[in-house]
Amino acid sequence: IDEPVGGGGGGGRRRDCEENKPLLGEMSEGNNNTKTAGPCKRSVHHCGGGGMRYKLLHEGDIQVCALKHPRTFLSKILTSKFLRRWEPHHLSLLDGSLTSATPTGYMETPLSYSTIEDLQLLSWDNAPKYCVQLSVPGGTVLLQAANSYLRDQWFHSLQWKKKIYKYRKVLNNPSRWDVVLKEIRALVDMALSSPLQDDSIHQAPLHIISTLLAENSSLSPQDHENIIVAIAPLLENNHPPPDLCEFFCKHCRERPRSMVVIEVFTPVVQRILKHNMDFGKCPRLRLFTQEYILALNELNAGMEVVKKFVHSMHGPTGQCPHPRVLPNLVAVCLAAIYSCYEEFINSRDNSPSLKEIRNGCQQLNDRKPPLPLRLLRPEPPTPPPPATLLPLTATSSPILVELERNNNSANAKRNADPSGGNGEPNLIDCLLVSPAVNTLSIQLPAQADRVLGCFALILKMLSDYDDWRPALASLLQPIPFPKEALAHAKFTKELKYVIQRFAEDPRQEVHSCLLSVRSGKDGWFQLYSPGGVACDDDGELFASMVHILMGSCYKTKKFLLSLAENKLGPCMLLALRGNQTMVEILCLMLEYNIIENKDTQLQIISTLESTQVGRRMYEQLCDRQRELKELQRKGGPTRLTLPSKSTDADLARLLSSGSFGNLENLSLAFTNVTSACAEQLIKLPSLKQLNLWSTQFGDAGLRLLSEHLACLQVLNLCETPVTDAGLLALSSMKSLCSLNMNSTKLTADTYEDLKAKLPNLKEVDVRYTEAW
């Protein structure tokens with residue numbers, strides 16, 4: 001037996017009305033063009049009346065007696081001392097009828113709610129019998145309960161079921177919409193004034209109205225607003241069902257400037273965000289929240305309104321009292337951003353696999369004819385064809401994904417094995433952009449661009465709250481964005497503010513989220529480092545991230561080892577430009593013996609000595625470790641790799657810092673050097689191998705090299721702007737035995753001339769030229 005619940009019960013009684021509270025402050029002031037037909041909220045003052053509360057019955061045991069009689073004799077029979085026999089039944093209150101688990105006797109057939117003409121409470125003066133009278137055609141059905149509370153519970157439950165059944169029938173076949181609106185208002189009032197407390201008391205009317213709207217899609221905008229205003233009181237303590245969410249989304253899209261959006265939808269969205277919400281099971285609630293925020297963004301005040309909304313969700317204090325607001329907002333933002341790239345994502349089926357992108361196996365036209373002279377030596381590496389930029393075909397514009405061009409110690413291993421590994425490549429590695437290209441061609445439609453701007457701004461706002469930043473960093477640490485978003489310069493530029501906030505936060509729980517969630521997977525630290533697809537500042541953000549990580553518990557050998565293996569090139573480039581943090585990193589690598597290769601150690605020493613701050617810190621280090629001076633006295637390195645994005649000035653600064661008379665192998669691949677650097681290259685008398693892959697080195701530089709570097713044996717000019725005018729000058733370099741002219745403007749005549757004049761030339765790559 002259900003115990004009675006007092007009038008102060010929480011679930012069944014609506015909380016104090018919030019209509020007198022400001023929802024978003026003065027957020028609608030900027031919307032001067034908004035026109036409304038009338039007040040957008042009905043005043044409802046029966047929010048919390050006193051009285052007994054009852055749980056809605058769905059089934060129960062009760063005594064039943066059925067009487068058949070003329071109505072004129074009802075009073076005589078009811079006052080009779082001897083009533084007919086009572087039958088015990090287990091009754092179920094279904095949507096359309098009252099049925100018994102044992103369909104015999106008085107309840108042999110279900111009792112339809114439509115046949116019940118009236119319900120009354122009955123009691124006897126001379127006997128403790130508590131009955132509910134159901135008037136039916138030709139008789140009466142009496143239900144006898146054990147006490148007055150159970151009797152009242154059965155009475156209110158039956159009354160609710162009967163009325164809901166009636167409204168469902170009436171609103172399923174609407175005739176006149178002015179009558180329908182009155183019925184909706186009556187239905188809402190009935191639900192608000194009912195003494196029953198149950199989730200279905202408010203949900204059932206919402207489902208009825210949701211069905212009505214789904215079956216009548218041709219309503220006028222004014223009818224839309226009137227219905228939304230009518231059901232607004234029910235939404236204060238209840239989530240809208242899926243079909244109703246669809247209706248609300250449509251209204252937000254079609255009439256974003258309607259005051260209904262602010263005055264009615266705001267408390268609904270606030271309630272959704274403040275509660276523990278599983279958007280996976282309720283995706284339309286997330287979509288409704290997304291459309292509501294976009295509607296706010298369409299107001300005259302624009303993003304200021306959105307900012308006020310986010311602030312209202314956080315609250316005025318320094319600590320947000322609602323722990324679910326942040327994860328729910330982040331979930332909405334991620335879904336919205338994902339939708340911006342959905343068209344591109346759907347085109348992945350027609351795009352090459354990540355492994356094909358990594359290894360350069362996919363050709364634009366799948367042509368694989370035999371090469372005229374196949375390269376047999378592992379160096380220089382065979383570059384991919386122009387299909388390096390592989391289009392992920394979409395209907396609007398292509399996404400160009402660049403092969404990984406990461407200038408680190410692991411790159412040397414890949415150069416030694418141009419075929420690549422058999423494992424699946426890292427996602428972000430496949431998106432790394434060559435400095436020669438530097439941008440990816442992603443253009444979103446205008447609407448998607450507005451959506452991206454709106455929700456990227458919300459992520460930036462979330463990162464401004466100190467109490468939200470740790471949880472936000474943790475939620476974004478796995479990089480939960482599609483690879484198309486990471487390849488979009490506008491998105492990564494917007495998100496850079498969030499990453500900066502993480503990097504500036506002194507709390508370890510925040511800035512540690514810049515690192516990857518597990519080994520072998522890149523994180524924001526790698527994505528925004530020089531050479532990463534998101535880097536647009538020559539490594540300033542990367543330096544600040546390294547600084548904060550080194551300032552915490554990450555000043556360890558393990559962190560330095562990770563930098564040496566993956567980010568040595570960017571560290572050296574920034575140190576070459578005088579960044580103090582990177583100078584300190586290189587000194588620590590030498591001090592902790594992180595670098596084992598002697599050539600790399602000498603290159604680091606030369607980098608340190610090229611700037612004042614580096615020279616000073618290196619001298620202090622040498623005072624502590626004399627063996628470094630001994631290493632330097634033995635001569636310069638024989639191999640040198642300039643970091644990605646290095647310039648002519650960087651190369652000149654490095655080569656002027658020490659002795660490079662022993663240098664035999666120099667790689668400038670994927671740097672920003674031009675023909676001007678030839679003035680520095682001709683000062684290297686022992687140079688035998690030069691890699692200029694994907695640089696801006698042109699004809700003028702080639703002519704200068706041909707005059708001074710007679711002992712050069714291996715030259716890689718792949719994807720450089722050289723033409724026949726410069727390539728013909730190579731005919732004087734008789735020592736050349738390996739020449740890569742892949743993807744240049746070489747012609748067949750020049751190629752034949754070079755073959756005739758270079759007797760030692762054994763390895764040539766002329767793919768994707770006119771000579772192929």
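Looking at an unreviewed UniProt entry, the protein carries the name C-Maf-inducing protein, with the source organism given as Takifugu rubripes.

With respect to the overall build of the protein
Each helix and strand counted, the protein has 31 helices and 17 strands in total. Residues counted as buried form 53% of the 772 residues belonging to the protein. A total of about 34,100 Å² of accessible surface is found on the protein, and carbon and sulfur atoms cover 49% of it.

Quick word on the pairing of strand S3 (residues 87–93)
Burial runs high along S3: 5 of the 7 residues are buried. Note: strand S2 (residues 59–68) against S3, 6 bridges, orientation antiparallel. Along S3, the bridge assignment pairs Val64 with Glu87. Pairing of S3 with strand S4 (residues 97–100), which is carried by 3 bridges, proceeds in the antiparallel orientation.

Quick word on helix H8 (residues 283–297)
Along its 15 residues, H8 runs 21 Å from first to last C-alpha, staying within 8% of the 21 Å computed at 1.5 Å per residue. Extensive coverage of H8 is indicated by the burial of 11 of its 15 residues. Restricting attention to buried positions, one finds in H8 the residues Leu285, Phe288, Thr289, Gln290, Glu291, Tyr292, Ile293, Leu294, Ala295, Leu296 and Asn297. The secondary structure elements touched by the buried residues of H8 are helix H6 (242–254), helix H7 (259–274), helix H9 (303–314), helix H10 (325–340) and helix H14 (446–462).

Regarding the sheet that holds strand S15 (residues 714–716)
With parallel pairing, the 6 strands of this open sheet are ordered in space as S12-S13-S14-S15-S16-S17. The two strands at the open ends of the sheet, each matched to only one other strand, are strand S12 (639–641) and strand S17 (763–765). Within the sheet, the average angular offset between the axes of one strand and its neighbour, ignoring direction, is 5 degrees. Sheet topology places S15 next to strand S16 (residues 738–740); 3 bridges connect them, and they run parallel. Looking at the pairing, Asn716 lines up with Asn740 of S16.

Comments concerning the environment of Leu187
As for its placement among the helices and strands, Leu187 is situated in helix H3 (residues 177–193). With 21 residues separating them along the chain, Leu187 and Ile208 place their C-alpha atoms 9.7 Å apart. Beyond its immediate chain neighbours, meaning those up to four positions away, Leu187 contacts Ile164, Tyr167, Leu171, Pro205, Ile208 and Ile209.

So, the nonpolar core
Among the nonpolar cores identified, the biggest contains 150 residues, and Tyr341, Phe455 and Trp524 are the most heavily contacted of them. The biggest single contributor to this core is H14, with 10 residues. Those residues in contact with Trp524 that lie beyond four places of it in its chain are Leu476, Gln477, Ile479, Phe481, Leu486, Leu495, Ile499, Cys513, Leu514 and Met545. Ranked by size, the runner-up nonpolar core spans 41 residues in total, among them Leu666, Leu727, Leu758 and Ala771.

Remarks on the packing of helix H24 (residues 598–609) against helix H25 (residues 612–624)
Running from N to C, H24 and H25 point in directions that differ by 125 degrees, and their axes come no closer than 6 Å. It follows from the interaxial angle that H24 and H25 lie oblique. Two secondary-structure elements touch here, H24 through Ile605, Leu608 and Glu609 and H25 through Gly614, Arg615 and Tyr618. Residues belonging to the contact of H24 with H25 are distributed by class as follows: 3 nonpolar, 1 polar and 2 charged.

Looking at the packing of aromatic side chains
On inspection of all chains with the given rule, the structure shows 15 aromatic pairs. Ring plane angle 50 degrees and centroid distance 6.0 Å describe the contact between Phe247 and Phe248, whose orientation is recorded as tilted. Given a relative accessible area of 8%, Phe247 falls into the buried group. Between Phe481 and Phe491, the ring centres sit 4.9 Å apart and the planes meet at 65 degrees, which makes this aromatic pair edge-to-face. Of the two residues, Phe481 sits in the loop between helix H15 (469–476) and helix H16 (483–486) while Phe491 sits in helix H17 (residues 489–504), which places them 10 residues apart along the sequence. For the pair Phe481 and Phe491, one class covers both residues: buried. Through a chain of ring-to-ring contacts, the aromatic side chains of Phe247, Phe248, Phe265 and Phe288 assemble into a single cluster. It is Lys166 that lies over the ring of Tyr167; its NZ or CZ is 4.4 Å from the centre.

What about the environment of Pro570?
Checked against the element boundaries, Pro570 lands in helix H22 (residues 568–576). Residues Pro570 and Met582 lie 12 residues apart in sequence; the distance between their C-alpha atoms is 8.9 Å.

Comments concerning the packing of H6 against H8
Where H6 contacts H8, the axes come no closer than 9 Å and their chain directions differ by 15 degrees. With respect to H8, the element H6 is oriented roughly parallel. Both H6 and H8 take part in a crossing whose hand is left-handed. When H6 is examined against H8, the residues Pro242, Asp243, Cys245, Glu246, Phe248, Cys249, Cys252 and Arg253 are found in contact with a partner set consisting of Arg284, Leu285, Leu287, Phe288, Glu291, Tyr292 and Ala295. For the contact of H6 with H8, a count of residues per class yields 10 nonpolar, no polar and 5 charged.

Some details on H6
With 13 residues, H6 extends 19 Å between its outermost C-alpha atoms, agreeing within 8% with the 18 Å of an ideal straight helix rising 1.5 Å per residue. For H6, the set of buried residues is Leu244, Cys245, Phe247, Phe248, Cys249, His251 and Cys252. Residues of H6 that are buried in the fold lie against helix H4 (199–215), helix H5 (221–235), H7 and H8.

What counts, and at which threshold
- Residues numbered from 1 in each chain as written.
- Predicted model: local features only at pLDDT ≥ 70, side-chain atom pairs only at ≥ 80, totals over all residues.
- Heavy atoms only, no water.
- Helix = DSSP H or I, 4+ residues; strand = E, 2+ residues; numbered from the N terminus.
- Buried < 20%, exposed > 50% of the residue type's maximum accessible area, 1.4 Å probe, protein only.
- Areas by Shrake-Rupley, 256 points an atom, 1.4 Å probe, with all protein chains shown as cover.
- Pairing = 2+ DSSP bridges.
- Expected span 1.5 Å × (residues − 1).
- Contact = heavy atoms within 4.5 Å.
- Axes fitted to C-alpha atoms, helices over the stretch in contact; angles between N-to-C directions.
- Core = buried A, V, L, I, M, F, W, Y, C linked by side-chain atoms within 4.5 Å.
- Parallel < 35°, antiparallel > 145°, perpendicular 65-115°, else oblique.
- Nonpolar A, V, L, I, M, F, W, Y, C, P; charged D, E, K, R; others polar.
- Phe/Tyr/Trp six-rings, centres within 6.5 Å; stacked < 30°, edge-to-face > 60°.
- Lys NZ or Arg CZ within 6 Å of the ring centre and 35° of its normal.
- Left-handed = near helix turned anticlockwise from the far one by under 90°.

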